[in-house]
Structures are given as C-alpha cells and as structure tokens.
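Given next are the chains, with one letter for each unit.
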Amino acid sequence: MATSASATLSKAVKQQYMNLPQGDKVQAMYIWIDGTGEGLRCKTRTLDYEPKSVEDLPEWNFDGSSTYQAEGSNSDMYLIPAAMFRDPFRKDPNKLVLCEVLKYNGKPTETNLRITCKKMMEMVKDQHPWFGMEQEYTILGTDGHPFGWPSNGFPGPQGPYYCGVGADKAYGRDVVEAHYRACLYAGVQICGTNAEVMPAQWEFQVGPCEGISMGDHLWVARFLLHRVCEDFGVVASFDPKPISGNWNGAGCHTNFSTKEMREDGGLTAIEDSIEKLGKRHSYHIRAYDPKGGLDNARRLTGRHETSNINEFSAGVANRGASIRIPRTVGQEKKGYFEDRRPSANCDPYGVTEALVRTCLLNEEGDEPADY
C-alpha cells in the first residue's frame, strides 16, 4: 500500500515543538476553495490577538495563478473571512478561517458559490431552511488504490462492509475516529459516521444546519478530513465513482426541511416541494456536481442504490429514487425529505441554493433566476 512519505516522519519529534508556548500570538489558517470547485487550499498568518468573531479577522490575499483562478499577469486574489472554527491541530487559541475568494475587481470567482447561496438564504430566512448532508468518501493510498484492498486484486464482494466491524470489514477506522474528534473540537456540526457499502468507503453526516452554515460546516469538515488523512499518509477521495464495476459510488445525500415541513401536516409541503423538483430535474443535476452532471453520470446509473440520472423519481423509504421520504416521515406526516442525487464532490453551497430556489422561491426552467 503506497502511503505518503510524510507519514513516516516522527510525530513524536513534531510534538516536542507543538508543545512549546506560543506567547501572546495566534495562528490563523485561512482556507479557501480553488478554481476546480473541489480542491481546498490553505495558508497561515500570525495575529497579535485572539479573534472572537469573523469581523475581527483581517482580509488577506494569495496568488490565483497557482490555484487555477487567475492569470499570472494579474494574479492577486482576495480572501474574505466568512466563518471561523477552532483549530484541532494547533489547538486553542489558534483558528481555522473559511474564506470567500474575490477577484482583483472585487467580484466573486467562478467557484465562489457562497455569495449567491447566502443571498438566497437571506431571502427565505423566515422559513428556516434546515439541511443535513451525508458525505461519503473513499480512503486511498497515494497511488490511488483503495486502502486495505489487495494490491493485485479485489476484496470480497459488497455485503459485510456497511456499518461493519472487524479488521476484515472496516478499513481505516483510525482515520474516521480522528476526523470525528477533530470536527467536534473545531465546532463543526458533525452528527454521525458509519462505514459504507464498499470497503474503504465511509460516511460522515453534518447537520442540522440552517441556511448558509450548511455549506460552511461541510467544507470545513472536508478540510479536516484531508488534513487528518495527511497525517496518516493516506488520501480522502470524494470521487463519485472511484472504482468502476460492481461497487457502490459515493454521494452526498442532502436532507432538507422548512419550518412548515417540520410542523403537523408538513407532509403536504414536502410533497409540494417534490413536485416542483420533478419539473426541474435537469437544472438540479447540473448543480449537483462540479462538472455540470458529468461526474454524476458515472454514479447515477440506476444500480448500486442510485436513481437513473435521466429520470426523476420519488418514494417512501426507496433508496433507488431521486428523492426519498423516510418511513417515519410518511407515518408522522411531517419532517423532511432526502435528495439522493448530489455527488460526493458537490459544492454544498450550490446544492442548498438549488433546493431553496426551486422549493421555496418557486423558480422554474433550466436556468436560475436573477434577483
């Protein structure tokens, strides 16, 4: 199994330095989404004070020509602090700072979907939209081979791995446990985790989060996962279909509700939203992966617990449908629904914005409205 050379560096030696006092200085790691819409970048600056809120953090900049975001002749990009978390690697009082990216002219970059998402969330804040996202991922070696799989073949077929326990069923639990604790320390709204259907595949859930905080918390949870995997010398992949053939893909199932849906008789509002979603399937497919549906085409085949990418469907407790209404919601006539179409590498800002536009702002057609 190919692991990163950095994994062999002595963590005990590193810890000697991490235990040194840092005086009255604070390290703030700024995090942003690069020009791929999937990759994360980060860099650190020293502050002379401990920031208590995002407003206390200074704006910063970086070289966009090295992140697929600008030309070399005009490469300065601006980092605008958007959300702040505790740093589980350097520990208190140090911070993680999730940022929006603006171009030299003050306009958002093409992969800064947070700005329009926040605008939509403000427009519907009186409906209190809640989200919960189920992030699936696969642990790989640095050679791209799934962690724990035989180097010259395949493990046994799917069946015993989902929520499995034991060295022959759960591959890489140390990563999962470390990530879970890092999220709790950071203040990420992580609410659970489990082994998934394909060996070396796992899932963590974030939520419930209201409005724009869903995207903030999921992106920081992803950053923490990449950073934990770096320490272990392995790679976290959000590819929607990391292994072709008779193996499950990876999605980011998104649970959605409003205040009306959560109250008695809310099933009517849920059914109304599903009807609206059915009329706008192609728009959502384009919004649900960073390549406009091409990534999801490899995953949404109608097999391996997925719907077909070309068809919209809905059903109670149906994991082969585009939209699943949980059994308890059908019984209690209130709650939430699950959109099973978003890919593992989706942008949560884009997904949550699309749901709000269609279900709450009653948009129709293949293009988002301009407000």
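From a predicted model like this one, the values you see are computed outputs, not experimental measurements.

A look at the domain arrangement of the protein
Right, on to step 1. As assigned here, the protein comprises domain 1 (23-111) and domain 2 (121-361).
Right, on to step 2. Each of domain 1 and domain 2 was reduced to a C-alpha centroid, and the two centroids are 26 Å apart.
Right, on to step 3. The interface of domain 1 with domain 2 comprises 19 residues on the first partner and 22 residues on the second.
Right, on to step 4. With both sides pooled, the region where domain 1 packs onto domain 2 buries about 1,700 Å², and carbon together with sulfur makes up 74% of that total.
Right, on to step 5. Summed over the shared surface of domain 1 and domain 2, the result is one salt bridge.
Right, on to step 6. Of the charged contacts, one joins glutamate 38 and lysine 291 as a salt bridge, the two residues approaching to 3.2 Å between their closest N and O atoms.
Right, on to step 7. Here domain 1 is connected to domain 2 by five residue pairs in polar contact (both at pLDDT 80 or more).
Right, on to step 8. Sorting the residues of the side of domain 1 that touches domain 2 by element identifies strand E1 (26-33), strand E2 (40-47), strand E4 (76-86) and strand E5 (95-102) as the ones contributing at least two each.

Remarks on the side chain of asparagine 248
Right, on to step 1. Positionally, asparagine 248 belongs in the loop between strand E9 (235-237) and strand E10 (252-257).
Right, on to step 2. In this structure asparagine 248 comes out as buried when scored by relative accessible area, which is 7%.
Right, on to step 3. Beyond its immediate chain neighbours, meaning those up to four positions away, asparagine 248 contacts Gln158, Val197, Met198, Gln201, Lys241, His304 and Glu305.

Looking at the packing of aromatic side chains
Right, on to step 1. On inspection of all chains with the given rule, the structure shows ten aromatic pairs.
Right, on to step 2. Judged by centre distance (6.0 Å) and plane angle (50°), the rings of tyrosine 137 and phenylalanine 204 are tilted. Placement of the pair is tyrosine 137 in strand E6 (residues 130-140) and phenylalanine 204 in strand E8 (residues 201-210), with a sequence separation of 67 residues.
Right, on to step 3. With a relative accessible area of 0%, tyrosine 137 lands in the buried category.
Right, on to step 4. We classify phenylalanine 204 as buried; its relative accessible area is 1%.
Right, on to step 5. Judged by centre distance (6.2 Å) and plane angle (20°), the rings of phenylalanine 154 and tryptophan 247 are stacked. Residue phenylalanine 154 is located in the loop between E6 and helix H3 (173-186), and its partner tryptophan 247 is located in the loop between E9 and E10; the two are separated by 93 residues in the primary sequence.
Right, on to step 6. Judged by its relative accessible area of 9%, tryptophan 247 is buried.
Right, on to step 7. These aromatic residues form a ring-pair network of at least three members: Phe131, Phe256 and Phe337.

Section: the environment of threonine 67
Right, on to step 1. By the secondary structure assignment, threonine 67 is in the loop between strand E3 (60-63) and E4.
Right, on to step 2. By relative accessible area, threonine 67 is classed as buried at 4%.
Right, on to step 3. Measuring from C-alpha to C-alpha, the distance between threonine 67 and histidine 284 comes to 27 Å, with 217 residues separating the pair along the chain.
Right, on to step 4. With residues near it in sequence (within four places) discarded, threonine 67 still touches Trp32, Asp34, Gly35, Arg41 and Phe62.
Right, on to step 5. Only 2.6 Å separates the side chain of threonine 67 from the side chain of glutamine 69, close enough to count as a polar contact.

So, the UniProt feature "domain: GS beta-grasp" (unreviewed entry) in the protein
Right, on to step 1. Within this numbering scheme, the UniProt entry marks residues 24-106 as carrying the feature "domain: GS beta-grasp" (unreviewed entry).
Right, on to step 2. Structurally, residues 24-106 comprises 0% helix and 47% strand, and the distance from its first C-alpha atom to its last is 33 Å.

Topic: unusual backbone geometry
Right, on to step 1. The amide bond that connects aspartate 92 to the next residue, proline 93, takes the cis arrangement and shows omega of 10°.
Right, on to step 2. Mapped onto the fold, proline 93 is located in the loop between E4 and E5.
Right, on to step 3. Proline 208 follows glycine 207 through a cis peptide bond whose omega is -5°.
Right, on to step 4. Topologically, proline 208 is positioned in strand E8.
Right, on to step 5. A positive phi angle, near 50°, is found at histidine 128, a position not held by glycine.
Right, on to step 6. Looking at the element boundaries, histidine 128 is found in the loop between helix H2 (114-123) and E6.
Right, on to step 7. Here the phi dihedral of lysine 333 falls at roughly 60°; this positive angle occurs in a residue that is not glycine.
Right, on to step 8. Mapped onto the secondary structure, lysine 333 falls in the loop between helix H9 (327-332) and strand E13 (337-339).

A look at H3
Turn by turn, an α-helix covers 3.6 residues, leaving residues three or four places apart pointing in a common direction.
Right, on to step 1. Taking 1.5 Å as the rise per residue, H3 with 14 residues should run 20 Å; its terminal C-alpha atoms sit 20 Å apart, in good agreement.
Right, on to step 2. Those residues of H3 not exposed but buried are Val175, Val176, His179, Ala182, Cys183 and Ala186. Each buried residue of H3 sits inside an arc of 130° when the element is viewed along its axis, so together they form one side. For H3, the exposed residues lying more than 90 degrees away from the buried face are Asp174 and Arg181.
Right, on to step 3. Here the buried face of H3 lies against E4, E6, strand E7 (190-195), E8 and helix H4 (213-232).
Right, on to step 4. Looking at the residues trailing H3, positive phi occurs at glycine 187, about 95°.

The rules behind each value
Residue numbers run consecutively from 1 along every chain, following the written order of its sequence. The predicted origin of the model limits local features to residues at a pLDDT of at least 70 and limits the giving and counting of side-chain atom pairs to 80 or more, whereas totals for whole chains, interfaces and linings rest on all residues. Side-chain descriptors were evaluated using all non-hydrogen atoms of the structure, hydrogens and water having been removed beforehand. Domain start and stop positions are those given by an automatic or database domain assignment. Contacts between residues were defined by any pair of non-hydrogen atoms, one from each residue, lying within 4.5 Å. When two parts are put together, the accessible area they lose, computed with a 1.4 Å probe and summed over both, is reported as buried area. Whenever a carboxyl oxygen of Asp or Glu lies within 4 Å of a side-chain nitrogen of Lys or Arg, that contact is scored as a salt bridge. Polar contact criterion, stated in full: a pair of N or O atoms within 3.5 Å, where within protein one must be able to donate a hydrogen and the other to accept it, and residues adjacent in sequence count only if both atoms are side-chain atoms. The helix and strand labels rest on DSSP assignments: H or I over at least four residues marks a helix, E over at least two residues marks a strand, and numbering proceeds from the N terminus. Think of it in three bands: with a 1.4 Å probe and only protein chains considered, a residue is buried below 20% of the maximum accessible area for its type, exposed above 50%, and partly exposed in between. Two aromatic rings, drawn from Phe, Tyr or Trp (for Trp, its six-membered ring), form a pair once their centres lie within 6.5 Å of each other, and the interplanar angle then sorts them: stacked below 30 degrees, edge-to-face above 60, tilted otherwise. UniProt positions are given in the numbering used here, feature names are shortened, and annotations may be inferred rather than shown by experiment. Multiplying 1.5 Å by the helix residue count minus one yields the expected span of that helix. Note that the arc is computed from the directions linking the helix axis to the C-beta atoms.

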